[in-house]
Amino acid sequence: MAVERIRNIAIIAHVDHGKTTLVDGILKQTKVFRENQQVQERVLDSHDLERERGITILAKNTGVVYKDVTINIVDTPGHADFGSEVERIMNMVDGVLLLVDAVEGPMPQTRFVLLQAFARGLKAIVVVNKVDRQAARPLEVVNETFDLFVDLGATDEQADFPVIYTVALDGKAGLEPDALEEDLTPLFETIVDYLPSPEVDPDGPAQMLVTTLEYSNYVGKIAVGRLRAGSLKTGQAIAHINAEGEMVTGKVGKVYTFRNLKREAQDEVQAGNIVAVSGIPDVAIGDTLCDPEDPRPLPPITVEAPTVRMTFSVSDSPFAGRSGKYVTSRQVRDRLMRELESNVALRVEETEQASAFLVSGRGELHLAILIETMRREGYEFSVGQPEVIFREGPEGREEPIEEVFLEVSTEYLGPVSEMMGKRKGRLQDTRYGDDGTVYNTYLIPTRGILGFRQPFLTVTRGTGIFHTLFHSYEAYAGSIKAQPHGSLVSLGTGTVNTYGLRSLEQRGTFFVKVGDSVYAGQVVGEHIRDQDLVVNVCRTRHVTNHRQSTKDVVERLTPPRILSLDDAIDYLGKDELLEVTPEALRVRKRILHHENRGKAARQSLD
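Given the structure is predicted, the values throughout are model-derived calculations rather than measurements. Along each chain, residues carry numbers from 1 onward, in the same order as the chain's sequence is written. For this predicted model, a pLDDT threshold of at least 70 governs which residues receive local features, and a threshold of 80 or more governs which side-chain atom pairs are given and counted, while totals over whole chains, interfaces and linings are taken from all residues. Hydrogens and water are ignored here; the side-chain numbers use all heavy atoms of the structure.

We now examine the overall build of the protein. Strands here are runs of E lasting at least two residues and helices are runs of H or I lasting at least four, both read from the DSSP assignment and numbered beginning at the N terminus. Across its full length, the protein holds 16 helices and 36 strands. For every residue, the accessible area (1.4 Å probe, protein chains only) is compared with the maximum for its type, and the residue is labelled buried under 20%, exposed over 50%, or partly exposed between those bounds. Looking at the protein as a whole, 53% of its 606 residues are labelled buried. In the protein, the proportion of contacts linking residues at least 24 apart, taken out of those at least 6 apart, comes to 71%. Carbon and sulfur atoms provide 46% of the accessible area of the protein, an area that totals close to 28,400 Å². What makes two residues a contact is simply this: any of their non-hydrogen atoms within 4.5 Å. Residue-level accessible areas treat just the shown protein chains as cover; the underlying method is Shrake-Rupley with a 1.4 Å probe.

By secondary structure assignment, the location of Thr446 is in helix H11 (residues 446-449). Judged by relative accessible area, which is 3%, Thr446 ranks as buried. For Thr446 and Glu399, which are 47 residues apart along the polypeptide, the C-alpha to C-alpha distance reads 7.7 Å. Excluding its chain neighbours within four sequence positions, the residues that come into contact with Thr446 are Val308, Val388, Pro400, Ile401 and Glu402.

Our next topic: helix H1 (residues 19-29). Across the eleven residues that make up H1, a large majority, eight, are buried. All of the buried residues along H1 are Lys19, Thr20, Leu22, Val23, Asp24, Gly25, Ile26 and Leu27.

The next thing to look at is the sheet that holds strand E31 (residues 508-510). Strands qualify as paired when DSSP identifies two bridges or more between them. In spatial order, the strands read E31-E33-E29-E34; together these four strands make up an open sheet with mixed pairing. Looking at which strands have only one partner, the edges of the open sheet turn out to be E31 and strand E34 (533-535). With direction set aside, neighbouring strand axes in the sheet form an average angle of 30°. The pairing of E31 with strand E33 (residues 523-527) spans three bridges and is antiparallel. Simply put, an axis is a line fit to the C-alpha atoms, just over the touching stretch for a helix, and the angle between two N-to-C directions goes from 0 to 180 degrees.

Okay, the pairing of strand E13 (residues 247-251) next. For E13, the buried fraction is low: zero of the five residues fall into the buried class. What sits between the antiparallel neighbours strand E12 (residues 237-241) and E13 is a turn of five residues, in which Gly245 has the positive phi angle 90°.

With that settled, consider the side chain of Arg375. Position of Arg375 among the secondary structure elements: in helix H9 (residues 364-376). With relative accessibility at 16%, the residue Arg375 sits in the buried group. Polar contacts, as counted here, are pairs of nitrogen or oxygen atoms within 3.5 Å of one another; within protein the pair requires one atom able to donate a hydrogen and one able to accept it, and residues that are adjacent in sequence qualify only if both atoms are side-chain atoms. Here the side chain of Arg375 touches Thr581 through a polar contact of 2.8 Å, landing on its backbone oxygen. Ignoring anything within four residues of it in the chain, the contact list for Arg375 reads Val580, Thr581, Pro582, Glu583, Ala584 and Leu585.

This next bit is on the pattern of salt bridges. One side-chain nitrogen of Lys or Arg within 4 Å of one carboxyl oxygen of Asp or Glu is enough to make a salt bridge. Inspection of every chain in the model, using the stated rule, returns 31 salt bridges. With its nearest N and O atoms 2.7 Å apart, the salt bridge here joins Lys589 to Asp532. Of this pair, Lys589 sits in strand E36 (residues 585-589) while Asp532 sits in the loop between E33 and E34, placing them 57 residues apart in sequence. Classification of Lys589 as buried rests on a relative accessible area of 1%. You can call Asp532 partly exposed: its relative accessible area is 37%. Put simply, Glu579 and Arg586 hold a salt bridge, and the shortest N to O gap is 3.1 Å.

With that settled, the discussion passes to the packing of aromatic side chains. Ring geometry is summarised as follows: Phe, Tyr and Trp rings, the Trp one being its six-membered ring, pair when their centres sit within 6.5 Å, and such pairs are stacked at plane angles under 30 degrees, edge-to-face over 60 and tilted between the two. In total, this model carries 13 aromatic pairs according to the counting rule given. Plain terms: the ring middles of Phe470 and Tyr473 are 5.9 Å apart, the flat faces sit at 65° to each other, and that makes the pair edge-to-face. Given a relative accessible area of 24%, Phe470 falls into the partly exposed group. By way of ring pairs, the aromatic residues Phe118, Phe149 and Phe161 are connected into one cluster. Criterion for a charge above a ring: Arg CZ or Lys NZ at most 6 Å from the ring centre, at most 35 degrees from the ring normal. A cation sits over an aromatic face here: Arg397 above Phe390, 3.9 Å from the ring centre.

Residue types Ala, Val, Leu, Ile, Met, Phe, Trp, Tyr and Cys, when buried and joined through side-chain atoms within 4.5 Å, form a set referred to as a nonpolar core. If you look at the biggest cluster of nonpolar residues, it comprises 39 residues, and the most contacted ones within it are Ile12, Met90, Val96, Leu98, Val126, Val128 and Phe149. The element that contributes the greatest number of residues to this core is helix H4 (residues 108-119), accounting for five residues. If we skip the residues at most four places from it in the chain, Val128 touches Val100, Ala102, Pro138, Val141, Val142, Val163, Ile164, Tyr165 and Thr166. Grouped together as the second largest cluster of nonpolar side chains are 28 residues, Phe357, Val383, Phe511 and Leu572 included.

Residues other than glycine seldom take positive phi values, yet Asp68 does so here, at roughly 70°. In this model, Lys130 sits at a positive phi of 60°, which is unusual for a non-glycine residue. Exposure remark for Lys130: the relative accessible area of 22% places this residue in the partly exposed category.

In structure tokens form, the structure reads like this:
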């Protein structure tokens, strides 16, 4: 039977199309906040990294009430690297709001998230957002979205979707792009009228698939999912069945529902609701919670396999242990294994070296977020250059292929096209915007995208935008000549000083500044040539009786290029490591002593 007073929906879209902003408007107009309450923008993006980067990383639950109907909302990430979050939350919902930018139209990630919805037979409401933008083309975007529905094999019922036009930032919606109402009432009415209520078995044995995990310092792990049958109440006996089919009995601690940005404890919750359950210590994503007297396990959650991997290892640099709280291999291993409990797209393998682990993810950003999170928690470790994951197919070696969407100004189209050609990119589609912007879609090996961001931004003067989406595995495309760069490598250990930098300025761009501590083998800059150069940035002037003011010299030094985490990962070469500490990021050579590096290089040639 259907539970008429509940709607479980997910908001899906490409990155930066306005999902979280729309949720802000929904929360405000359902009186979640007081009239005079100061509320920060993108309130569901509560994670520090989400707010800093302006993207949603983790799927979040909330619930609002509109005319006695409870609308449970799941805000999902829009970036392809966090697609596993979208894949698994589709198990919790009965319909989706598909947000599409009124200028950009359907984007690569739009295709991915919509495909996940159609695979589960979900209906969609198309929300064309940002219709107030100067270059908005809402009617064309609706036609492009319809074409996308057809391409993805939507049923006749799914392709007959309602369209709502919105300006999420102002909390306005309407049935026509030029006739918006002052609130989101048209959107609420369409959700209630068009999207189905959950089909459940209220009298059957309890049955719930664990879709996400939360944690509380008071009650420990909290399993979140949709209750598909029966009911759950505090203290109830429960069977916990893991992905391997092993069953353990336990007891429900507390049962919560989501309302107004909070978990609200309930005595009992009926089927159809999205609920949170505490008291199951070893629960994991994909497990089933059910009635121990009539256990009925649900199919476990499966997500696409990772395509990129990096080696995480214990730091062995001369500065190791200076700022990190957790520095041993056991501590790093425990943290990585703990991440597996909630990050279902991640894989961790132990290697022959006890201090090194092979960590695989959906992309560079997926792994970079994990690295930054561990760094902020006080971990100190090293990571190697990202590399793609090959596999053996029926006709030999296969590699992952990405669909890349590029947005560049016309004047930069030539250099960007040349870059894509060198990286084995195959042009699939080109569209010219009214404002002189060119939109290109390519298929390119994942190898060609690694390290692409920095040269792309350099060529487009920082104005270019690109997004990637895993497409498929195809036959190995042949060798790709990597973007050559040489490093400036420190000769010795000491403190960087003005005299040392001043005499080497013409050699390249430096990553360190006066006063920084460096060690032998640390990469202190990028060489102007495509070969490494050992330099002494700690060199001091010979002491004499002659005094000279260094003020003018300091002012004339070129400011250093400070590498962010993403920049440092892009920069890494095969013979380099990134030393990650809570206070610093240092690129270094795997072999620190320059004479030993030379011997190793000669042996590899032999």
